[in-house]
Amino acid sequence: LPLIELEVAENPTAYNLYNMGKTYFAIQEYGKAVEYFRKAYPLSKDRIFLPELLTKLAYALAEMKRLEDALSVLTDGVMMFPKETEMIYILGMIYQKAGYYHDAEACFRKCIELGDQGSLITEGSGGYMAHMRLSELYEETGRLEDSYKEVVCVLKLKKNFAPALQQILKLAL
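Residues numbered from 1 in each chain as written. Predicted model: local features only at pLDDT ≥ 70, side-chain atom pairs only at ≥ 80, totals over all residues. Heavy atoms only, no water.

**Brief notes about the environment of Leu91**
Point 1. Secondary-structure assignment places Leu91 in helix α6 (residues 85–98).
Point 2. Between the C-alpha atoms of Leu91 and Val34, which are 57 residues apart in sequence, the distance is 17 Å.
Point 3. Once you skip the residues sitting within four places of it in the chain, Leu91 turns out to touch Leu71, Leu74, Thr75, Val78 and Cys107. (Helix = DSSP H or I, 4+ residues; strand = E, 2+ residues; numbered from the N terminus. Contact = heavy atoms within 4.5 Å.)

This is the structure in C-alpha cells:
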C-alpha cells in the first residue's frame, strides 16, 4: 500500500489510480476504493481494464449500501460491454440485493446464455454460479420448484459444489 500510494502521488495515471482502487477494494476499504476508481475512470477510455474498473466500482458502491448508484454504473457499463459476463453477473447480484428480482433473473439468464467470456471472468459466472444464483433467487421469492431445478443444473455442471449440495438439502427439507 505505501508503495502504490507513493507511485500514485508521483505519477497519477489511469492505471496507477485504478490499481490504488483495487488495493483498497482488496482490503475492503470501499470508500477509498470508490474514490480512486472515480479518479481513474475519466482517464481510462479505451483501456483494457475499464470493464473491471466499472465492475469493482459498482461492487464497492453496493457494499456501501449505495445500490442505486451501483446499478447506474453497471447498467451503463453493460451497455458499453454487452459480452462481459462477469459484469452482468455482478449486476444481477446487485439487482437481487436491491429486490429487483425480475431484473436479477434476466441478468443470470443472460450470463448462462453468454457463458464464461469477457476480459474479466470468475469461473462459473456464465454457468454453474449463475444457476446457483437463480436457485437462491427462486427460493427467496418462494419459487421452490424452480429453485430445485436450478440447483440440479448446478450439480450437473459441478458435481461436488458444496453450496449446491447445501441448497438441495435445504430445499428437500
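**Here we look at the packing of helix α4 (residues 50–63) against helix α5 (residues 67–80)**
Point 1. As a packed pair, α4 and α5 sit with axes 7 Å apart at the nearest point and diverge in direction by 165 degrees. The orientation of α4 relative to α5 falls into the category roughly antiparallel. In this structure, α4 meets α5 at a crossing whose hand is left-handed. Residues Leu54, Thr55, Leu57, Ala58, Leu61 and Ala62 of α4 lie in contact with α5, whose contacting residues are Leu67, Asp69, Ala70, Val73, Leu74, Gly77 and Met80.
Point 2. Here the contact of α4 with α5 is built from residues that sort into 10 nonpolar, two polar and one charged. (Axes fitted to C-alpha atoms, helices over the stretch in contact; angles between N-to-C directions. Parallel < 35°, antiparallel > 145°, perpendicular 65-115°, else oblique. Left-handed = near helix turned anticlockwise from the far one by under 90°. Nonpolar A, V, L, I, M, F, W, Y, C, P; charged D, E, K, R; others polar.)

**What about unusual backbone geometry?**
Point 1. Non-glycine residue Gln28 carries a positive phi angle of around 60 degrees.
Point 2. Locating Gln28 in the fold gives a position in the loop between α2 (14–26) and α3 (30–40).
Point 3. The backbone phi angle of Lys65 is positive, close to 70 degrees, even though this residue is not glycine.
Point 4. Relative to the elements of secondary structure, Lys65 occurs in the loop between α4 and α5.

**Comments concerning the packing of α6 against helix α7 (residues 101–114)**
Point 1. Contact geometry of α6 with α7 gives a least axis separation of 8 Å together with a crossing angle of 160 degrees. As judged from the angle between their axes, α6 and α7 are roughly antiparallel. Crossing hand, α6 versus α7: left-handed. Every residue of α7 that contacts α6 at Thr85, Ile88, Tyr89, Leu91, Gly92, Met93, Tyr95 and Gln96 is listed here: Tyr101, Asp103, Ala104, Cys107, Phe108, Lys110, Cys111 and Leu114.
Point 2. Residues belonging to the contact of α6 with α7 are distributed by class as follows: 11 nonpolar, three polar and two charged.

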